[in-house]
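# Fold and geometry: a report
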Amino acid sequence: MSLQQWIPQMAVGCLLTLKLFFITIVFSMPLGLVLTFLYTSKNKAVSAIISFYILIMRGTPLLLQIFFVYFGLPYVPGIGKYLTINDRFTAGAVAFILNYAAYFAEIFRGGLLSVDVGQYEAAKVLGLTDMQTRTHIVLPQMFRISLPAISNEAIILIKDTALITAIGLSDLLKVTKTIVNKTTNISAFVVAAVFYLIMSYILTLVFKLLERKFSF
Amino acid sequence: MEMIKVENLKKNFGNVEVLKDISLTVEKGDVIAILGPSGSGKSTFLRSLIDLVDIDGGSIYIEGKALCENAVYPSAKEKRKILAKMGMVFQHFNLFPHKSVRDNLILAPKLEKRGSYEELCVMAKNMLKRVGLADKLSEMPNNLSGGQKQRVAIARALMCKPDILLFDEPTSALDPELTGEVLNVIRDLSKENMTMLIVTHEIGFAREAANKILFMDGGYVIGFGSPEEIIDNSDNERMKNFFAKVSH
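Everything numeric here is computed off the predicted structure, so don't read it as measured data.

What follows concerns the overall build of chain A. Per the secondary structure count, chain A includes nine helices and zero strands. Its helices and strands in sequence order give chain A the pattern α-α-α-α-α-α-α-α-α, from N to C terminus. Projected onto the principal axes, the alpha-carbon positions of chain A cover approximately 70 × 50 × 20 Å. The buried share of chain A, reckoned over its 216 residues, is 30%. A fraction of 74% describes how many contacts in chain A between residues 6 or more apart in sequence connect residues 24 or more apart.

Now the structure itself:
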């Protein structure tokens, strides 16, 4: 099997990798933002629940969480049959979203803490409501401050997607491994590394652009 | 006309009594400089007038309406209505760094729908002209000097058409050569009959621009009167000591 035959196969694997990446980003960031606001709310009980959620999500391996969502949820007593996700990709994506939302929540919380208290005071004396202060003053600055950390997290995610192999899906790395087994030659690994590098590099550029666009 | 009336105001931070028993009446057009040693409660007092600090006792009336009566506050909405005609300028400017000078100025009036975008832009330009910065409309705040930032902050406060303006050490964060431009703007406002309360360390400016001086120490008002009475002819030991120590 030659390089010309590998590349199309690897590209198909790459598509799955990208699909998982984008779905995770699109859903976990807004969910993370909601978690941040719940976490920083004045309600102590809500804050405690979110804190526990973040502890679980950050404190256990993502691989374990993927196994749990796909294999474990059906066995949850009582409600298991409602939680069963039969589609492997959906199960994997749910695990990724729940896990990354916890990390994004912490990133956003850090950004929130960096917004100067003077900004809230200025908004208040200008007569802005709490909601207006949040949307017009706090959120834009929080995002700007969080961008480098978000970029970091996105680059980790593009490589973490390889974990989905564990529930039998053929992403870039899985396809590559199959080719290596067939050809008894490890050069496909090098090609896969180049694929990952290109994706990470594009992400780096995109975030650099965003940082420049939102600089102040 | 009474613009602000404060009765027996008290404020504690934990076990520390910061403001012990403050009563004060501010008339329309008054320019009151608030002086006193650091830690005397000047800033806390000023901030309590615009609800940045919750008081623990006493009452505050703004243009006849109760912002706080016997330490009981009305709803957030009601407070916003009472404070609509009051603006504040901070020591550290607190401009919104992610918004241009224009957007800093028009944000609040735009959210309250006090005019079309075009009308508000014209108004913003006029306000900037008033503080001598007409050419900075499209600039980002971080490209301005400290003095320019503070003048933009004043223009932003003026956009809400306030009857009362509070200044919390407006020149304390500025290089000495930049304080003049900010003080000139405040001086111009005093000529336009704006009611102002200014916490400051600029004794010379207070003497010349203010019609009254409020001297605070240890959470009490020690003296309230004309600049001559307070700065030059006071027989109070604490005030005499203070003015002897600060050059003016």
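Anyway, onward from the coordinates.
Check the secondary structure of chain B and you find nine helices and ten strands. Principal-axis analysis of the C-alpha atoms gives chain B an extent of 55 × 45 × 35 Å. Residue burial in chain B is summarised as follows: out of 248 residues, 44% are buried. Restricting to contacts in chain B with at least 6 residues of sequence separation, those with at least 24 account for 62%.

Now for the sheet that holds strand 7 (residues 164-168) of chain B. All names here are of chain B. Taken together, six strands build an open sheet; the order of strands is 6-7-8-3-9-10 and the sheet is mixed. Of all strands in the sheet, those bounded by a partner on one side alone are strand 6 (86-89) and strand 10 (220-225). For this sheet the average axis-to-axis angle between neighbouring strands, irrespective of direction, equals 15°. Pairing of strand 3 (residues 31-35) with strand 8 (residues 195-199), which is carried by four bridges, proceeds in the parallel orientation. Bridge assignment links Ile 34 to a residue of strand 8, and that residue is Val 199.

Here the focus is the sheet that holds strand 2 (residues 16-27) of chain B. Paired through their backbone hydrogen bonds, the strands of a sheet run either parallel or antiparallel. Residue and element names in this part refer to chain B. On the basis of which strands lie adjacent, the open sheet formed by four strands has the order 2-1-4-5 and antiparallel pairing. Of all strands in the sheet, those bounded by a partner on one side alone are strand 2 and strand 5 (65-68). Strand-to-strand twist of the sheet, defined as the mean angle between neighbouring strand axes without regard to direction, takes the value 25°.

In this section: the interface of chain A and chain B. Listed per partner, the contact involves 16 residues of chain A and 19 residues of chain B. Elements that contribute at least two residues to the side of chain A that touches chain B include exactly helix 6 (117-125) and helix 7 (130-160) of chain A. For the side of chain A that touches chain B, the residue count by class is seven nonpolar, six polar and three charged.

Another point: the domain arrangement of chain B. Residues and elements named next belong to chain B. According to the domain assignment, chain B contains domain 1 (2-85 + 163-245) and domain 2 (96-162). Here the C-alpha centroids of domain 1 and domain 2 sit 25 Å apart. Taken together, the contacts link twelve residues of domain 1 with nine residues of domain 2. Going through the elements one at a time, strand 7 and helix 6 (176-191) are the ones with two or more residues in the side of domain 1 that touches domain 2. If one sorts the elements of the side of domain 1 that touches domain 2 by residue count, helix 6 sits on top with four residues. Of the residues that constitute the side of domain 1 that touches domain 2, the class distribution is eight nonpolar, no polar and four charged.

Residue and element names in this part refer to chain B. Close contact between helix 5 (residues 146-158) and helix 6 brings their axes to 8 Å; oriented N to C, the two are set at 15°. The orientation of helix 5 with respect to helix 6, classified from their angle, is roughly parallel. As helix 5 packs across helix 6, the resulting crossing turns out to be right-handed. Contact residues: helix 5 offers Gly 146, Gly 147, Gln 150, Arg 151 and Ile 154, while helix 6 offers Leu 178, Glu 181, Val 182 and Val 185. Taken together, the residues of the contact of helix 5 with helix 6 sort by class into four nonpolar, three polar and two charged.

Turning our eyes to something else, we now look at the pairing of strand 7 of chain B. Consecutive residues of a regular strand have side chains that alternate between opposite faces of the sheet. All names here are of chain B. Here strand 7 lies mainly inside the structure; five of its five residues are buried. Going residue by residue along strand 7, you find Ile 164, Leu 166 and Asp 168 tucked away on one face and Leu 165 and Phe 167 tucked away on the opposite face as well. Of the pairings in the sheet, the one linking strand 6 to strand 7 comprises four bridges and is parallel in character. For Met 86, the partnering residue across the bridge sits in strand 7 and is Ile 164. Where strand 7 meets strand 8, five bridges bridge the pair, whose relative direction is parallel. Bridging across to strand 8, Ile 164 finds its partner in Thr 195. This β-α-β element, strand 7 to helix 6 to strand 8, shows right-handed connectivity.

All names here are of chain B. The sheet contact formed by strand 9 (residues 212-217) and strand 10 spans five bridges and is antiparallel. Note that in strand 10 the partner of Met 216 across the bridge is Val 221. Where strand 9 hands over to strand 10, the hairpin turn is made up of two residues, of which Gly 218 adopts a positive phi near 60°.

Here we come to helix 8 (residues 172-183) of chain A. With twelve residues, helix 8 of chain A should cover 16 Å at 1.5 Å per step; its first-to-last C-alpha distance of 17 Å lies within 8% of that length. Backbone geometry just downstream of helix 8 of chain A places Thr 184 of chain A in the positive-phi region, at approximately 45°.

Along helix 6 of chain A, the positions that sit buried rather than exposed are Ala 122, Ala 123 and Val 125 of chain A. At its buried positions, helix 6 of chain A is contacted by helix 7 of chain A together with strand 6 of chain B. Positioned one or two residues after helix 6 of chain A, Gly 127 of chain A has a phi angle of 90°, which is positive.

Cut-offs used in this document
Residues numbered from 1 in each chain as written. Chains lettered and ligands numbered in written order. Predicted model: local features only at pLDDT ≥ 70, side-chain atom pairs only at ≥ 80, totals over all residues. Helix = DSSP H or I, 4+ residues; strand = E, 2+ residues; numbered from the N terminus. Buried ≥ 20, exposed ≤ 12 C-beta atoms within 10 Å, placed from the backbone. Contact = placed C-beta atoms within 7 Å. Pairing = 2+ DSSP bridges. Axes fitted to C-alpha atoms, helices over the stretch in contact; angles between N-to-C directions. Nonpolar A, V, L, I, M, F, W, Y, C, P; charged D, E, K, R; others polar. Domains from an automatic or database assignment. Parallel < 35°, antiparallel > 145°, perpendicular 65-115°, else oblique. Left-handed = near helix turned anticlockwise from the far one by under 90°. Right-handed = clockwise from strand over helix to strand, strands pointing away. Expected span 1.5 Å × (residues − 1).

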